[in-house]
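Structural features, examined
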Amino acid sequence: MKLIINSKEKDINCNTVSDLLKELNLNNDIVAVELNKNIVHRENFEKTKLKNQDKIEIVTVVGGG
Amino acid sequence: MEKLKIGNFEFNSRLFIGTGKYENLDIMKKAHEASGTEAVTVALRRVNLENEKENLLNYIDQNKYKILPNTAGCYTAEEAIRTARLARELKLPDWVKLEVIGDKKTLMPDNEETLKATKILVKEGFTVLAYTNDDIVSCKKLEEAGASSVMPLGAPIGSGQGILNQNNIKIILEQAKVPIIVDAGVGTASDAAIAMEIGADGVLLNTGVALAKDSIKMARAMKLAIEAGRDAYLAGRIPKKLYASASSPTEGISK
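In this report, we go over the structure that sits alongside the text. Values in this document were obtained by computation on a predicted structure and should not be read as measured data. (Residues numbered from 1 in each chain as written. Chains lettered and ligands numbered in written order. Predicted model: local features only at pLDDT ≥ 70, side-chain atom pairs only at ≥ 80, totals over all residues. Heavy atoms only, no water.)

**Details of the overall build of chain B**
- When helices and strands are tallied, chain B shows eight helices and ten strands.
- In summary, chain B has a C-alpha radius of gyration of 20 Å against a globular reference of 18 Å for 255 residues, a match within 12%.
- Along the first, second and third principal axes, the C-alpha atoms of chain B reach 85 × 40 × 35 Å.
- Out of the 255 residues belonging to chain B, those deemed buried represent 51%. (Helix = DSSP H or I, 4+ residues; strand = E, 2+ residues; numbered from the N terminus. Rg over C-alpha atoms; globule rule 2.2 N^0.38 Å. Buried < 20%, exposed > 50% of the residue type's maximum accessible area, 1.4 Å probe, protein only.)

Pasting the structure below:
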């Protein structure tokens, strides 16, 4: 399945947001996720299904002023 | 020392410090400790999928420091609101340093967009700390829109030029009903002390500490400057006079 993650196309096989984060080796606690411009709440990571060509934005905290 | 209250948050330290531009995260952590701060700012960015570095959160003890997410890099109210909402998802405290930039080169704030975003974020329950110009009208409007703190700049972000217009900050302070935090421009300890001496409720800085040759020592200098400045403000400075006034008795001089 092709997903657009942070504007880059990736070929990844996963069913849910939770699966995707696991596949990407990302810790659920330190990321926030948008699916097609809508926020996915942390408690919904497991039940939110992904489909081909979904656009996913994954952000975290970085240094700033 | 009396506590600084911003929305429902309370602080003993009046220094807010950033997490950007340090030589490494170990130095940043030690600088935070030396600064005595209780609140550190962070930015939100896309995760680096190719080369995910060690996460900043591992270097911030959230029992000691409240993380204040910023909306740096946003140029519209819409972008800033989106960033604040994403920050909320990270289970960070429900407050935001709202920063909407209007010009890439000077990083000067866009007050119209900042005001628009403030109104919406306040409605959504955020404690908004709004970064703006050292301009009384902008500050008043943000306060009226429900900002819990207004943060006029001392000088452009990262410029280290100090408090360029002390009179503007004084006027803002005279009329403010919410805490005023001088944000941006603080290059060295005396800049922070001046901001506090004229009555600012706090100072937010990043580059002045992060890019100092010795960040940890500068962090401590900022802590001391802010405490000294605050005490001097509370103590009340003497008026400036044109002529001398002897400190020793003028009577009884032995001849």
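**Description of the overall build of chain A**
- In terms of regular secondary structure, chain A is built from one helix and five strands.
- Secondary structure elements of chain A occur, N-terminal to C-terminal, as β-β-α-β-β-β.
- In summary, chain A has a C-alpha radius of gyration of 11 Å against a globular reference of 11 Å for 65 residues, a match within 12%.
- With respect to the principal axes defined by its C-alpha atoms, chain A has extents near 40 × 25 × 20 Å.
- For chain A, the residues scored as buried account for 49% of the 65 residues in total.
- Once local pairs closer than 6 in sequence are excluded, the contacts in chain A between residues at least 24 apart make up 51%.
- Only carbon and sulfur atoms are counted for the fraction: they give 42% of the accessible area of chain A, which is about 3,500 Å². (Contact = heavy atoms within 4.5 Å. Areas by Shrake-Rupley, 256 points an atom, 1.4 Å probe, with all protein chains shown as cover.)

**Examining the interface of chain A and chain B**
- Taken together, the contacts link 27 residues of chain A with 28 residues of chain B.
- Between chain A and chain B, roughly 2,400 Å² of surface is buried when both sides are summed, and carbon and sulfur atoms account for 59% of that area.
- Remark: the boundary between chain A and chain B carries five salt bridges.
- As a salt-bridge pair, arginine 82 of chain B and glutamate 57 of chain A come within 3.9 Å of each other at their nearest N and O atoms.
- In this assembly, chain A and chain B are joined by 20 residue pairs in polar contact (both at pLDDT 80 or more).
- Among the elements of the structure, strand E2 (8-11), strand E3 (32-35), strand E4 (38-40) and strand E5 (55-63) of chain A are those that each provide at least two residues to the side of chain A that touches chain B.
- Looking at the side of chain A that touches chain B, the element that brings in the most residues is E5 of chain A, giving seven residues.
- Residue classes in the side of chain A that touches chain B are distributed as 13 nonpolar, seven polar and seven charged. (Buried area = accessible area lost by both parts, 1.4 Å probe. Salt bridge = Lys/Arg side-chain N within 4 Å of Asp/Glu carboxyl O. Polar contact = N/O pair within 3.5 Å; in protein donor to acceptor, adjacent residues only side chain to side chain. Nonpolar A, V, L, I, M, F, W, Y, C, P; charged D, E, K, R; others polar.)

**Quick notes on the environment of glutamate 46 of chain A**
All names here are of chain A.
- Position of glutamate 46 relative to the elements: it lies in the loop between E4 and E5.
- Exposure remark for glutamate 46: the relative accessible area of 65% places this residue in the exposed category.
- Along the sequence, glutamate 46 and aspartate 19 sit 27 residues apart, while their C-alpha atoms lie 7.5 Å from each other.
- Apart from the residues within four sequence positions on either side, glutamate 46 is in contact with Thr16 and Ser18.

**Thoughts on the sheet that holds strand E8 (residues 149-152) of chain B**
Residue and element names in this part refer to chain B.
- Spatially, three strands are ordered E6-E7-E8 in an open sheet, and the strand pairing comes out parallel. In the strand order of this sheet, the two ends are held by strand E6 (95-98) and E8, each with one partner. Strand-to-strand twist in this sheet, taken as the mean axis angle between neighbours without regard to direction, amounts to 15°.
- Strands E6 and strand E7 (127-132) of the sheet are contacted by helix H3 (residues 111-123), whose axis makes an angle of about 175° with E7. (Pairing = 2+ DSSP bridges. Axes fitted to C-alpha atoms, helices over the stretch in contact; angles between N-to-C directions.)

**As for the packing of helix H6 (residues 189-197) of chain B against helix H8 (residues 215-235) of chain B**
Residue and element names in this part refer to chain B.
- The geometry of H6 relative to H8 is characterised by a closest axis approach of 7 Å and an angle of 25° between their N-to-C directions. Overall, the two elements H6 and H8 adopt an arrangement that is roughly parallel. Along this stretch, H6 crosses H8, giving a crossing that reads as right-handed. Residues Ala189, Ala192, Ala193, Met196 and Glu197 of H6 touch H8, and the partners they reach there are Met218, Ala221, Met222, Ala225, Ile226, Gly229, Arg230, Ala232 and Tyr233.
- The residue makeup of the contact of H6 with H8, split by class, is eleven nonpolar, one polar and two charged. (Parallel < 35°, antiparallel > 145°, perpendicular 65-115°, else oblique. Left-handed = near helix turned anticlockwise from the far one by under 90°.)

**Notes on the packing of aromatic side chains**
Residues and elements named next belong to chain B.
- Evaluated as defined, the whole model comprises four aromatic pairs over all chains.
- Relative to tryptophan 95, the ring of phenylalanine 11 lies with its centre 5.7 Å away and its plane at 15°, an arrangement referred to as stacked. Note that phenylalanine 11 is positioned in strand E2 (residues 9-11) and tryptophan 95 in strand E6, a separation of 84 residues in sequence.
- The exposure class assigned to phenylalanine 11 is buried, which follows from its relative accessible area of 2%.
- Measuring from centroid to centroid gives 6.4 Å for phenylalanine 16 and tryptophan 95, while their planes differ by 55°, and the two rings are tilted. Here phenylalanine 16, found in strand E3 (residues 15-17), pairs with tryptophan 95, found in strand E6; they are 79 residues apart in sequence, far enough to count as distant. With respect to class, phenylalanine 16 is no different from tryptophan 95; both count as buried.
- Taking the ring centre of phenylalanine 126 as reference, the NZ or CZ of arginine 88 above it sits at 3.9 Å.
- The side chain of lysine 97 reaches across the aromatic face of tyrosine 131, ending 5.6 Å from its centre. (Phe/Tyr/Trp six-rings, centres within 6.5 Å; stacked < 30°, edge-to-face > 60°. Lys NZ or Arg CZ within 6 Å of the ring centre and 35° of its normal.)

By themselves these figures say nothing about function.
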